[in-house]
Every structure is written in C-alpha cells, then in structure tokens.
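Next come the chains, spelled out residue by residue.
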Amino acid sequence: MNAAPVDARYIAGLWHRQRVNPVGIAHEIRAHTRCLLSRSNPGVSKKFLILGRARSGTSLLSVLLNSHPTITCDGEVLNRVAIDPVRFLDCLSRQSPTTVFGAKLLSYQMVQVHRLKNPIRFLERLEVRGFQFIHVVRNTWDQTMSLTRAQTTGKYHSFQSPERRPSKISSSEFIERLEWSEVLLDYERFCLRGFPHFKVSYEDDLGQAQKQQATSDRIFDWLEIPSAEVSSSLSKVSNFDPGDMIEGLDEARAFAARKGILNPS
C-alpha cells in the first residue's frame, strides 16, 4: 500500500509548537512506566481511534461514546509529540478500566505535530494491535468557520469563560484556511481508503441532538457491544455573524461556490 506523502502540500508552516513540547513525551514515559509496573487489563476486547479535523465533531462523539459504561474514550491524547504514538496508544489501551478503549486524533496532529512520514504504516500498526477507525467529517465551510471563530475568540466550548469579541481576518486568510482544511480532508480520506472504517457525518449524525443516540447505537453495533443511553454536556456556542469576523465575506463565499465547498451561506 502506498503511503501518503508528507510534504509541502500537507505542511502549513515549518513546525507546530506542540512538536517541541516535552509534556507529551513525559506523559508517554509515565504511561509506559505504569505498563511495566502494573498488570494490563486482560478484559480489553475492543479499541478504536476517532479521526477527523478540528471542529468537525470529534469531541462531541468522544463524549457521547465515553458515556457508555463499558467504554473509556481518552480523547485527544496525541495532541503533543510522542516518541512512538502507536506504542503509546497501545499502552494506554492496556491500562483501560473498561473493556472498550478509544481515543481521538486530529489530522493536523498527524501532519504537523507527529509529522508521520508513513501514515499508512501508522494505521497498519494500530490495526494489527486491534484498533478500529471512526472517521468524522463535516462540511468544510462550517468546520473552517467554527475553527476560525474559536481561534479568534478563544472559546471552543460553551462551558468555557465568555468569549472575547472576534478579531477580524481578511477574506484571503479565510480562503487559505478553507484550502488547508480541504487538503486535510483529502489527506484523511487517502489515509483511510484502504482500511475498514465507520464514517460519521456531523451534519447527518451529530449536529442534531435527537440523532446522537441513533448514531451512537450504530457505532455500538459496529463495535459489537450492547447499546446504552448516551449523553453529552457539550453544546453549541452562541450564533454569530460571520461578517463580524471576516473582512470581505462575499469574496470568501464566491471562492467557496467556485470550488464546490458546500453551504457558503
């Protein structure tokens, strides 16, 4: 199987600050130490990794699945660089207090933080260790708008402190963000194309609260575990006017329409 290249197409900038953050490696070392000093959980029968872009619904899905009594979903454990992210995930799974272990990984972390030279091999190593994959996708316009708003206001979730007024960015900068997000989605699809995986659409499966239980039930069935009632404390942040955040919004909308990016409204 050919590997997706990690080159200028996939690198937005030469480095990411979390690539040089030693906290991730320290966490990894502690996890391996616990593995050596304590017995692994022999009852862990299922493992999964949620893949997607930032602000695509991965956090919401992680919280929903984590509310199942037999699932421990550790969330974004690879947000900082690790020496061997595969062994790290495997070690965390062996310390799971429940029979099903999950985590999530954002595509920018694969590209910019871990700089995976062979992401296909990375997924193959996880698959050999029993991991299954869930791919979360979202309309690029909405996903990029949500990410831009979170970055410019400092508020990513409703339970955080009140957001500051968003700082405006130019239409050209927002268009660059749209293009980069489309590239990451292409990267995710390329990496997962040779692996069985469960696809979740934010718009169809997660965006409306009344659909979240049915979506979770389908994932439980896919994992071959009994259904359970799920819940989430996460909620959407308040609505806002994109024009307050983007100078030249019409230009960005026109670009999105030309490129076939959905819902530039």
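Everything discussed here concerns the structure shown above.
Treat the numbers as computed from the prediction; the structure is a model and nothing was measured. (Residues numbered from 1 in each chain as written. Predicted model: local features only at pLDDT ≥ 70, side-chain atom pairs only at ≥ 80, totals over all residues. Heavy atoms only, no water.)

Asker: Describe the pairing of strand β3 (residues 100-106), naming the residues involved and giving the relevant values.
Answerer: With seven of its seven residues buried, β3 lies for the most part within the structure. Burial of the side chains of β3 extends over both faces: V100, G102, K104 and L106 are buried on one face and F101, A103 and L105 on the other. Where strand β2 (residues 71-73) meets β3, three bridges bridge the pair, whose relative direction is parallel. When the sheet's bridge partners are listed, C73 is paired in β3 with G102. (Buried < 20%, exposed > 50% of the residue type's maximum accessible area, 1.4 Å probe, protein only. Helix = DSSP H or I, 4+ residues; strand = E, 2+ residues; numbered from the N terminus. Pairing = 2+ DSSP bridges.)

Asker: Describe unusual backbone geometry, naming the residues involved and giving the relevant values.
Answerer: Backbone geometry at R55 places phi at a positive 65°, although glycine is not the residue there. Structurally, the position occupied by R55 is in the loop between β1 (46-52) and α2 (58-66). Here the phi dihedral of E224 falls at roughly 65°; this positive angle occurs in a residue that is not glycine. Mapped onto the elements of the fold, E224 is located in the loop between α9 (209-223) and β7 (246-247).

Asker: Give a detailed account of the nonpolar core, specifying residues and quantitative values.
Answerer: Formed by 29 residues in total, the largest nonpolar core has its most connected members in L49, L89, M110, F122, L123, L126 and F133. Listing elements by their share of this core, those giving two or more residues are α1 (22-37), β1, α3 (85-94), β3, α4 (107-113), α5 (119-128), β4 (131-137) and α7 (171-192). No other element matches the five residues that α3 contributes to this core. Once you skip the residues sitting within four places of it in the chain, L49 turns out to touch L89, A103, K104, L105, L126, F131, Q132, F133 and I134. Core analysis: the second largest hydrophobic core is formed by 20 residues, L64, L65, C73 and I134 among them. (Core = buried A, V, L, I, M, F, W, Y, C linked by side-chain atoms within 4.5 Å. Contact = heavy atoms within 4.5 Å.)

Asker: Give me the environment of K168: which residues, what numbers.
Answerer: Inspection of the secondary structure assignment puts K168 in the loop between α6 (140-153) and β5 (169-170). Considered as a pair, K168 and E247 are 79 residues apart in the sequence and their alpha carbons are 6.5 Å apart. If sequence neighbours within four positions are ignored, K168 has contacts with G243, D244, M245 and E247.

Asker: Summarise the side chain of D84; cite the residues concerned and give the values.
Answerer: Here D84 lies in the loop between β2 and α3. A polar contact of 3.3 Å, which involves the side chain of D84, links it to the backbone nitrogen of R87. If we skip the residues at most four places from it in the chain, D84 touches E28 and R125. (Polar contact = N/O pair within 3.5 Å; in protein donor to acceptor, adjacent residues only side chain to side chain.)

Asker: Before we move on, can you summarise the pairing of β4 with the specific residues and values?
Answerer: With six of its seven residues buried, β4 lies for the most part within the structure. With six bridges joining them, β1 and β4 adopt parallel strand pairing. Looking across to β4, one finds that L51 is bridged to H135. Strand direction decides the pairing type here: β4 and strand β6 (residues 197-201), joined by five bridges, are parallel. In the sheet register, V136 faces β6, and the bridge partner there is V200.

Asker: So what's going on with the side chain of S181? Residues and values would help.
Answerer: Counting through the fold element by element, S181 comes out in helix α7. Of the polar contacts made by the side chain of S181, one reaches the side chain of Q143; its length is 2.3 Å. Every residue in contact with S181, bar those within four places of it in the chain, is listed here: R53, T140, Q143 and T144.

Asker: Can you explain the pattern of salt bridges? Please cite residues and give values.
Answerer: Overall, the coordinates contain ten salt bridges when judged by the stated rule. Among the ionic pairs, E247 bridges to K168, the shortest N-O distance being 3.9 Å. Taken together, the residues span a long stretch of sequence, with E247 in strand β7 and K168 in the loop between α6 and β5 at a distance of 79 residues. Exposure remark for E247: the relative accessible area of 44% places this residue in the partly exposed category. What makes K168 partly exposed here is its relative accessible area of 44%. We note a salt bridge from D205 to R218, for which the minimum N-O separation is 3.1 Å. (Salt bridge = Lys/Arg side-chain N within 4 Å of Asp/Glu carboxyl O.)

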